[in-house]
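# Chain and residue survey
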Amino acid sequence: MKKIFCLLLALVLLLSLFAGCRKTEGENSELRLALVVAGKFGDRSFYDSSKEGVDRLAKELGVRVTTIECNNQSHDSQMKNAADKADVVVCVGWEFGNIKTIAPLYPDVKWIWIDNATEEPIPNVLNITYAQNQGSYLAGYIAASLSKTGVVGAVGGENQDVINDFIVGYKQGAKAARADVKVVTNYSNSYDDPAKGKECALALADQKADVIFQIASAAGAGVFEACEERGIYAIGVDSDQKYIKPDTIICSMKKEVGSSIYDAVKALLEGDASKWGSTWVADMSNGYVGIGYGEEGSVQQVPDELKAAVEEVAAKIISGEIKVDTTR
Amino acid sequence: MNGSKDIFSTIFSAGTFQMMLRSATPVALAAIGGSMTEHAGIMNIGMEGMILMGAFFGVLGSFLAQSAFAGLALALLVGILAGLFFALLVVRYKSDEFIIGCALNTFAIGLTTYLARNYFPGDASGNPNLPELNLAFLDRIPGLRVINHQSVLVYLTWIIVILAWLFVYKTPYGFWLRASGEKPDTLRTAGISPKKMKWIASVLCGILCALAGAHLSLGQLQGTFTDNMSNSRGFIAFACVIFAAAHPGKAYLAALMFGFFEAIGLRLQGFVSSDLTGMIPYLITIVMMVYVVVRKQRRKMKNE
């Protein structure tokens, strides 16, 4: 009796391991797609954006979608798990570096790697990288233009290439709008600790920053709260995050991960696999990176003149007149 | 010269000490809870999971009743249940406490993530949070400003430290609690059940960890829950327990030290690489543990 009870309890504990692990949606298509994210959903930005993209594929094109969250561990085995049962595997996150050895093992599977690129092109891998530095340039431009103290801040999730790519662009954009601006930054060293993110933003606010750009996934929720409490502005990232706190978040640097996945897979369904074996840079010229000001009718802190100026700057970046620094 | 002055004024600003108090509180509460189980002879590494559950159910209660105190109450209830559950397995069924602690942590991540995503009736952010203390006269006294404008649980923790110290060292219950860990047979001879004391210790630990979680989600944040937001605070609390030899007051000081180094680390990022500053709390852990071992060795040598 005691043993059975213990076993049952152990089973209950074990079951919780599988919570939210794997889900399959959409049925009327031959194409099976697996979305593997390095972290977890629920960040209301990067990973959730990729989820929106594949959800649209399931709904509009009937692709059979499976999602796997790695929870920042066992990226390699999750890639293999996904490839065993799918025709297209989308790996979201710079962490999937071993795709270069795993993808060749599954030659029939079409791979998409988001946010990073293999050094050598692999025939069945499509790398999608984003010109986040360009979008962040605009974010920095807006931040510096609206700053009263002349200090703007950015909270990064971790000191790492992709995150720093946002930051260099942001700094350059801020300096372009206002030469004497001071840019202060720090890193939360965690993507899922909002309390830490909040402390980071408060530390920047103590250094007089009055516009803060968050690049820290779910930890960014704390950045928004800090800005709201201090009565300063925040800038969202990846998705259009204005809806979260419309009075505090003035705009968002959009990195349309979801639509880039959608478009790539849609092209594949229409028989165009020409992109595979190369790196596709989703940037401002093709509309995957830019600034979002929230839904129509939401409160606007960015005046129309500034929006027009930002448009001009964007046009200059697209034409190549402004060269934006990058860490990549 | 100018640079070093900059570093100094950034590090020793009021903000540093405010952050120290804020971020030490959840660690301290969990560490005091862990001291109870430690005294009762249970090595409890399940605090991480208990904190996480407290954080989630705090937000859930706050959302459902639109009141932060209802959230706190729900968190406490779940804390009691978690403590009972832990004691059931560890004390009643004599399972390995280390394994059960690990299981509890994994279970808490799974359960809270699953519930938050699939059954949270609304938005798990921006719910009613605990009020802050606001005494105008404190602002006027230089140096005391840092202890104003903190969430109520920060002050409650001070009271809890004193109560826990009184409980452990000045009441018969505390005496029995310590005996249940150190000399359970002697306690049994005295006619008191060591098991009962272990049950009480587990439940107290559950309650205090739930408070820690509630402070995290309802005190430090505006009623916000995100997956795995406890972010290893339970383990840091465990280090504090060992360092303080389960003395509640010392455990609080150890937690304050962690809070202080975390705050400094964050502010030092402007001057040195964030990879180095991120290591500071963990480096401190190692230094503390070395100190504990050295202290033990010395004592041993003295006795010999």
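Anyway, here's the lowdown on the structure attached to this text. Just so it is clear, the structure is predicted and the values come from calculations on it, not from any experiment.

Residue and element names in this part refer to chain A. Judged by pairing direction, the sheet is mixed, and its six strands sit side by side in the order β8-β7-β9-β10-β11-β13 without closing on themselves. Across the chains shown, the open sheet's two edge strands, defined by having one partner strand only, are β8 (182-187) and β13 (289-292). Within this sheet the neighbouring strands show an average axis-to-axis angle of 20°, counted without direction. Bridge count between strand β11 (residues 249-255) and β13: four bridges; the pairing is antiparallel. Bridging from a neighbouring strand, S252 pairs with G292 of β13.

Another point: the interface of chain A and chain B. Each partner contributes residues to the interface: chain A has 39 residues there, and chain B has 37 residues. Regarding the contact of chain A and chain B, the summed buried area is about 3200 Å², with carbon and sulfur atoms giving 53% of it. Among the ionic pairs, D206 of chain A bridges to R267 of chain B, the shortest N-O distance being 3.4 Å. On the surface where chain A and chain B come into contact, there are 18 residue pairs in polar contact (both at pLDDT 80 or more). Among the secondary structure elements, those contributing two or more residues to the side of chain A that touches chain B are α1 (2-15), β8, α7 (194-206) and α8 (220-230) of chain A. For the side of chain A that touches chain B, the element with the most residues is α7 of chain A, which contributes nine residues.

Residues and elements named next belong to chain A. Most of strand β5 (residues 110-114) is tucked away, with four of its five residues classed as buried. Looking at chain direction, strand β4 (residues 88-92) and β5 are connected through five bridges and run parallel. When the sheet's bridge partners are listed, V89 is paired in β5 with W111. Of the strand pairs in this sheet, β5 and strand β6 (residues 125-130) are connected by four bridges, and their pairing is parallel. Residue pairing in the sheet places W113 in a bridge with N127 of β6.

Here the focus is empty space enclosed by the protein. Tallied over the full model, the rule gives two cavities of 30 Å³ or more. The computed volume of the largest cavity comes to approximately 40 Å³. R44, A221, F224, E225, I244 and K245 of chain A together with S125, G126 and T224 of chain B together form the lining of the largest cavity. In terms of residue class, the lining of the largest cavity is made up of three nonpolar, three polar and three charged.

Quick look at helix α9 (residues 257-269) of chain A now. Residue and element names in this part refer to chain A. With 13 residues, α9 should cover 18 Å at 1.5 Å per step; its first-to-last C-alpha distance of 19 Å lies within 8% of that length. Across the 13 residues that make up α9, a large majority, ten, are buried. Positive phi appears at G271, one or two residues downstream of α9, with a value of about 95°.

Residues and elements named next belong to chain B. Remark: helix α12 (residues 248-268) packs on helix α14 (residues 280-303), axes separated minimally by 9 Å, with the N-to-C direction vectors making an angle of 145°. Along this stretch, α12 crosses α14, giving a crossing that reads as right-handed. Note on element contacts: α14 touches α12 through I280, P281, I284, T285 and M288, opposite A254, M257, F258, F261, E262, G265 and L268. A per-class count over the contact of α12 with α14 returns nine nonpolar, two polar and one charged.

What counts, and at which threshold
- Residue indices begin from 1 for each chain and proceed along its sequence in written order.
- Starting at A for chains and at 1 for ligands, labels are handed out in the order in which the entities are written.
- Reporting of local features is limited, given that this is a predicted model, to residues whose pLDDT is at least 70; pairs of side-chain atoms are given and counted only at 80 or more, and all residues count toward the totals for whole chains, interfaces and linings.
- No hydrogens and no water enter the side-chain calculation; it runs on all heavy atoms of the structure.
- Each pair of strands is called paired provided DSSP finds at least two bridges between the two strands.
- Under the scheme used here, helices are H or I runs from DSSP no shorter than 4 residues and strands are E runs no shorter than 2 residues, and both carry numbers assigned from the N terminus.
- Lines fitted to C-alpha atoms define the axes, with helix axes restricted to the stretch in contact, and inter-axis angles between N-to-C directions lie between 0 and 180 degrees.
- In what follows, residue pairs with any heavy atoms lying within 4.5 Å of each other are defined as contacts.
- Buried area, as used here, totals the accessible surface that two parts lose on assembly, with accessibility defined by a 1.4 Å probe and the loss added over both.
- When a carboxyl oxygen of Asp or Glu is within 4 Å of a side-chain nitrogen of Lys or Arg, the pair counts as a salt bridge.
- Counted as a polar contact is a pair of N or O atoms within 3.5 Å, where, for protein atoms, one must be capable of donating a hydrogen and the other of accepting one, and residues adjacent in sequence contribute only when both atoms are in side chains.
- Here the term buried applies to any residue with accessible area under 20% of the maximum for its type, exposed to any over 50%, and partly exposed to those in between, with areas from a 1.4 Å probe on protein chains only.
- Points on a 1 Å grid over protein atoms alone make up a cavity when a 1.4 Å probe fits among them but cannot get out, and a pocket when they form an open set with protein on both sides within 12 Å along at least five of seven lines; lining residues each have an atom within 4 Å of a point.
- Grid points are joined across faces, edges and corners, and a volume is the space filled by probe spheres set on the points.
- Note on residue categories: nonpolar means Ala, Val, Leu, Ile, Met, Phe, Trp, Tyr, Cys or Pro, charged means Asp, Glu, Lys or Arg, and polar means any other residue, Gly included.
- Expected span, for any helix, means 1.5 Å times one less than how many residues it has.
- A crossing counts as left-handed when the near helix is turned anticlockwise from the far one by less than a right angle, and as right-handed when that turn is clockwise.

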